[in-house]
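# Secondary and tertiary structure notes
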Amino acid sequence: MAHGADENLMRKFIKTLSILTLSMASVASVVAQDDLYRFKSNGNPIIKHKFTADPAAIIKNDTLWLYTGHDYEGNQTNYKMKDWLVFSTTDMENWTEYPVPLKITDFAWAKSGDAFAGHVQERNGKYYYYISTNWTGIGVAVADNPAGPFKDALGKPLLTNEDCFASTHSWACIDPATFIDDDGQAWIFWGNRECYYAKLNDDMISIDGEIKQMKFDGFSFTEAPWIHKKDNKYYLTYATEFPEKIAYAMADNIEGPYEYKGILNEIAGNSNTNHQGIIAYKGEWYFLYHNGGINTDGGSYSRSVCIDKLHYNEDGTLKRIVMTTEGVEAVH
Ligand code: FUB
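Just so it is clear, the model here is predicted, and its values are computed rather than measured.

## A word on the confidence of the model for the protein
Residues of the protein with pLDDT of at least 70 account for 91%, and the chain-wide mean is 93. When the criterion is pLDDT under 50, residues 1-5 qualifies, and its contacts beyond four places in sequence or with other chains add up to ten contacts. Scored below 50 in pLDDT, residues 12-25 makes 18 contacts in the model with residues more than four places away or belonging to other chains.

Shown next as structure tokens:
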């Protein structure tokens, strides 16, 4: 991929020419225009100037905020991720990248140094960034606006391997995904090999009550749980097997019982992991995932976020994702 002087020159040029205003006044007031990098996505992967992984998104007003991990470029033999990234769009085509919102070194207790998958949730005007650190636990950072910067809210992990009572491997406590139900109750799901879930208190930085393990027939869980809800049905999507496919199950209650419904997304090309996020935006449903699709450096440890459409059948089940090179069309 084109790194180095040419890329830097192009970035500076685009920054200088940038005359667009941010969609949210509060964000505009805290991030200087010069610190923003604007680009157009022309299909998948949607971000080609950096390696991005483990997508999660939230919607605020007219804007989709995309949070990703950040892989090192090419020829890596393991995950090498030191910070997280944030992007926004109002049309799925024109994107803005903000300054790095959160780094693994922002968590003094995260001795692993690994900035694994995260998920952001808004509540009461604050933004909570739940992150995983490989073997040192799940942390939570907070910010006043979706672009950050985020600050460690606890000074210690929210969850650790000790909370993963059915697991014995060191990387069990990863991949948090949160969900706020229609009754206002916030939930957090996470795990590797074993899937756990719990209620979050209203403060969003403490666990309410018991931690439980999710189990149902046919649940072959690798990692990356994600909950979404449509028409009063709960959908639990998750990575299964390795290399990973994304499978899903449905239930009438968030705690289940869930019914396994099959594979939603196939192996994502040359990436062992797949890590999905699902979000409704401007009347469409989107499936976010990663592959190793940047030539020639992309692969399992140099991944790139992609977005394709998610479609439902009439009975509420999900159609198999069609991963495309073209990506999604702009929406207005
Ligand atoms: O990005 C590091 C790990 O790879 C994530 O935590 C997993 O979900 C997998 O995508």
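Back to the text.
## Digging into the packing of aromatic side chains
In total, this model carries 25 aromatic pairs according to the counting rule given. Taken together, a centroid distance of 6.1 Å and an interplanar angle of 90° make the contact between F39 and F87 edge-to-face. You can see F39 sitting in strand β1 (residues 37-40) and its partner F87 sitting in strand β4 (residues 81-89), a full 48 residues away along the chain. Given a relative accessible area of 0%, F87 falls into the buried group. A centroid spacing of 5.9 Å and a plane angle of 35° characterise the contact between F216 and Y258, whose relative ring orientation is tilted. Taken together, the residues span a long stretch of sequence, with F216 in the loop between β14 (207-214) and β15 (223-230) and Y258 in the loop between β17 (245-251) and β18 (259-265) at a distance of 42 residues. As far as the burial class goes, F216 and Y258 line up, both buried. These aromatic residues form a ring-pair network of at least three members: Y67, W84, F107, W109, Y129 and F150.

Conventions and cut-offs
- Residues numbered from 1 in each chain as written.
- Predicted model: local features only at pLDDT ≥ 70, side-chain atom pairs only at ≥ 80, totals over all residues.
- Heavy atoms only, no water.
- pLDDT = per-residue confidence, 0-100.
- Contact = heavy atoms within 4.5 Å.
- Phe/Tyr/Trp six-rings, centres within 6.5 Å; stacked < 30°, edge-to-face > 60°.
- Helix = DSSP H or I, 4+ residues; strand = E, 2+ residues; numbered from the N terminus.
- Buried < 20%, exposed > 50% of the residue type's maximum accessible area, 1.4 Å probe, protein only.

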